[in-house]
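# Observations on chain architecture
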Amino acid sequence: MTTPTPDAAVHVRDLRKSYTVHEKEPGFLGSLRSFVRRQSREVEAVRGVSFDLAPGEVVGFLGPNGAGKTTTLKMLSGLLHPSGGELRVAGFEPRRREADFLRRITLVMGQKQQLIWDLPALDSFLVNQAIYEIPDPQYRATMHEFTEVLGLEGILKKQVRKLSLGERMKCELAAALLHRPRVLFLDEPTIGLDVNMQEAVRAFIRDYNERYGATVILTSHYMADVTALARRILVIDQGQLVFDGDLARLVERGGGGKTVRLQLRRPVTAEALAGYGSDVKVDGLSAELTVPRAEVSPRAARLLADLDVADLTVEDPPIEAVMAELFGRKDREVVRG
Ligand SMILES: Nc1ncnc2c1ncn2[C@@H]1O[C@H](COP(=O)(O)OP(=O)(O)OP(=O)(O)O)[C@@H](O)[C@H]1O
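Residues numbered from 1 in each chain as written. Predicted model: local features only at pLDDT ≥ 70, side-chain atom pairs only at ≥ 80, totals over all residues.

### Re the overall build of the chain
Under the convention used in this document: Strands are runs of DSSP state E lasting at least two residues, helices are runs of H or I lasting at least four, and both sets are numbered from the N terminus onward. Residues are called buried when their C-beta atom has 20 or more other C-beta atoms within 10 Å, exposed when it has 12 or fewer, and partly exposed otherwise; all C-beta atoms are positioned from the backbone. Contact between two residues is assigned whenever their backbone-derived C-beta positions fall within 7 Å.
A count of helical and extended segments in the chain gives 12 helices and 14 strands. Expressed along its principal axes, the backbone C-alpha trace of the chain runs to roughly 70 × 60 × 50 Å. A burial count over the chain gives 35% of its 337 residues as buried. Across the chain, the fraction of contacts at a sequence separation of at least 24, relative to all contacts at a separation of at least 6, is 70%.

### Concerning the site of the ligand
Quick note on the threshold: Throughout this description, a residue near a molecule or strand is one whose C-beta atom, derived from the backbone, lies within 6 Å of it. Following the grouping adopted for this structure description, the nonpolar residues are Ala, Val, Leu, Ile, Met, Phe, Trp, Tyr, Cys and Pro, the charged ones are Asp, Glu, Lys and Arg, and the polar ones are all others, Gly among them.
Taken together, Y19, V21, V43, A45, G63, N65, G66, A67, G68, K69, T70 and T71 form the complete shell of residues around the ligand. Among the secondary structure elements, those contributing two or more residues to the shell around the ligand are strand 1 (10-23), strand 2 (39-53) and helix 2 (69-76). Per element, the largest residue contribution to the shell around the ligand is 3 residues, and it comes from helix 2. Residue composition of the shell around the ligand, grouped by class: 5 nonpolar, 6 polar and 1 charged.

### Observations regarding the sheet that holds strand 12 (residues 286-291)
Quick reminder of the rule: Here a strand pair is declared whenever DSSP counts at least two bridges between the two strands. Orientation is described by lines fitted to C-alpha atoms, with helices fitted over the stretch in contact, and by angles between N-to-C directions that extend from 0 to 180 degrees.
Spatially, the 4 strands line up as an open sheet ordered 11-12-10-13, and their pairing is antiparallel. On the outer flanks of this sheet lie strand 11 (278-283) and strand 13 (309-315), each paired with one strand and no other. Taking the axes of each pair of neighbouring strands and ignoring which way they run, one obtains an average angle of 15 degrees across the sheet. Pairing analysis gives 6 bridges linking strand 10 (residues 258-264) to strand 13, with the strands arranged antiparallel. Of the residues in strand 13, the one forming a bridge with Q263 is D311. Together, strand 10, strand 12 and strand 13 form the strand contacts of helix 11 (residues 296-306), whose direction differs from that of strand 13 by roughly 165 degrees.

### Points about helix 5 (residues 136-150)
This is how the line gets drawn: Here, expected helix span is obtained from the residue count minus one, scaled by 1.5 Å.
Here helix 5 spans 21 Å end to end across 15 residues, near enough to the 21 Å set by a 1.5 Å rise per residue. Immediately downstream of helix 5, the backbone of G151 shows phi near 65 degrees, a positive value.

### Notes on the packing of helix 6 (residues 165-177) against helix 7 (residues 195-212)
Note the threshold: In what follows, roughly perpendicular refers to angles from 65 to 115 degrees, roughly parallel to angles under 35, roughly antiparallel to angles over 145, and oblique to any angle outside these ranges. Crossing chirality is assigned from the near helix's rotation relative to the far helix, an anticlockwise turn below a right angle marking it left-handed and a clockwise turn marking it right-handed.
Two elements in contact, helix 6 and helix 7, have axes separated by 10 Å at closest approach and are oriented at 15 degrees. The angle between the axes of helix 6 and helix 7 places the two elements in the roughly parallel class. Crossing geometry of helix 6 relative to helix 7 is assigned as right-handed. Contacts between helix 6 and helix 7 involve G166, M169, L173 and L177 from the first element and M197, V201, F204 and Y208 from the second. Grouping the amino acids of the contact of helix 6 with helix 7 by side-chain chemistry returns 7 nonpolar, 1 polar and no charged.

### Overview of the sheet that holds strand 2
Think of a sheet as strands paired side by side through backbone hydrogen bonds, with each pair either parallel or antiparallel. Spatially, 2-1-4 is the arrangement adopted by the 3 strands of the open sheet, whose pairing is antiparallel. Only two strands of the sheet have a single neighbouring strand rather than two, namely strand 2 and strand 4 (84-89). Geometrically, the sheet is characterised by an average inter-axis angle of 30 degrees between neighbouring strands, direction not taken into account. Direction of pairing for strand 1 relative to strand 4: antiparallel, over a ladder of 5 bridges. Along strand 4, the bridge assignment pairs R16 with G84. Relative to strand 1, helix 2 is tilted by about 120 degrees, and along the sheet it contacts strand 1, strand 2 and strand 4.

### A short note on helix 4 (residues 121-131)
Under the convention used in this document: Each C-beta atom gives one direction from the helix axis, and the arc is the one those directions make.
All of the buried residues in helix 4 are A121, S124, F125 and Q129. One side of helix 4 holds all its buried residues, which, seen down the axis, span an arc of 150 degrees. Those residues of helix 4 hidden inside the fold are in contact with helix 5 and helix 6. Positioned one or two residues after helix 4, E133 has a phi angle of 50 degrees, which is positive.

### What to know about the environment of T290
Tracing the backbone shows T290 in strand 12. Sequence separation between T290 and L234 is 56 residues; the distance between their C-alpha atoms is 26 Å. Non-local contacts of T290, meaning those with residues more than four positions away in its chain, are made with G257, T259, G277, S278 and D279.

### Side note on unusual backbone geometry
Phi angles above zero are rare outside glycine, and A90 is one such case at about 50 degrees. With respect to the helices and strands, the residue A90 is situated in the loop between strand 4 and helix 3 (99-104). Its identity is not glycine, yet E188 carries a phi of approximately 55 degrees, on the positive side. Tracing the chain through its elements places E188 in the loop between strand 6 (183-187) and helix 7.

### Regarding the confidence of the model for the chain
Predicted coordinates in areas of low pLDDT are best not read in detail. Cut-off, in case you're wondering: Note on scores: pLDDT gives the predictor's confidence for each residue, bounded by 0 and 100.
Of all residues in the chain, 94% have pLDDT values of 70 or greater, and the mean over the chain is 89. Overall fold confidence (pTM) sits at 0.83, and the ipTM for the predicted complex is 0.96.

### Quick look at the environment of S50
Turning to its location among the elements, S50 is positioned in strand 2. You can call S50 partly exposed: it has 15 C-beta atoms within 10 Å. In sequence terms S50 and T313 are 263 residues apart; their C-alpha atoms lie 39 Å from each other. For S50, the residues in contact, after removing those within four places along its chain, are V12, R13 and D14.

Structure representation (structure tokens):
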């Protein structure tokens with residue numbers, strides 16, 4: 001047994017989770033056969049994940065569908081028991097679900113709701129106040145603060161079923177954070193929201209992190225959430241951690257080169273640009289091409305010297321492209337950047 005890193009808000013060592021999945025062949029005969037002899041197999045959803053988070057750290061937890069993100073977050077919040085490994089969250093063993101542990105954490109799942117559908121959100125808040133034994137003055141102060149930051153005025157007394165998705169998500173977040181937890185597990189908190197609402201939710205999470213020094217693990221399929229909130233990224237693929245480090249290092253490691261965009265004064269053909277880089281696209285007087293990272297300066301200098309260029313910009317590839325590159329790799333060793 002290893003000793004948790006002192007003061008780590010989250011300590012994870014060699015965490016594992018297998019599910020037993022019962023299988024059945026299709027059709028009536030299949031049902032009969034599985035009735036007589038049940039077939040099952042093990043799915044290793046999380047296979048030896050290790051990391052530590054410092055108090056106040058905001059971390060993006062990324063990976064393709066089925067990588068093991070939700071399973072990990074459920075173990076961290078004590079909803080699932082690990083098959084192996086070691087876990088400490090705010091000094092507690094999550095699987096015991098002690099009251100003091102539950103007071104320090106929250107799990108928000110964008111796809112699930114905890115608010116009572118037929119009642120106004122305010123009623124769910126009062127239920128949470130009772131569950132978490134939040135003293136009245138703290139409840140009033142937090143409600144006041146959340147109402148302001150999230151713009152809840154006017155929606156708290158409406159039946160939850162009548163709220164828009166975005167309004168409901170704001171109320172879900174408020175309900176989940178009413179007890180001022182110190183460790184937040186956020187699983188797709190902005191899923192399905194429009195761009196403005198995504199930004200509002202992000203601003204709220206950022207504000208909460210700064211105000212209370214909360215530790216945050218965030219999964220999202222929207223890279224904008226991750227780039228706006230997290231500097232450190234954990235990438236999981238097929239149940240294993242494949243990257244742990246700075247967002248900037250992740251982009252660099254993608255290795256796929258940088259995108260050079262050109263605004264030209266005179267048109268050029270894609271063939272003419274092929275000698276300067278790959279993936280050349282030309283649209284009227286605009287063009288873009290991919291250039292190897294180490295070659296950016298000399299190639300840009302050649303482009304400027306050879307062509308009639310009005311503007312030239314160099315950009316990192318979109319993080320989605322970097323991730324796709326990373327998942328395509330065969331090496332499964334964790335890279336710490
Ligand atoms: N209750 C369950 N029983 C059996 N297998 C499960 C169960 N829950 C998850 N799995 C399997 O475990 C693996 C990891 O699933 P998990 O939901 O943790 O992935 P994820 O990274 O959160 O994916 P997504 O981004 O699609 O939500 C998948 O292969 C999934 O099919």
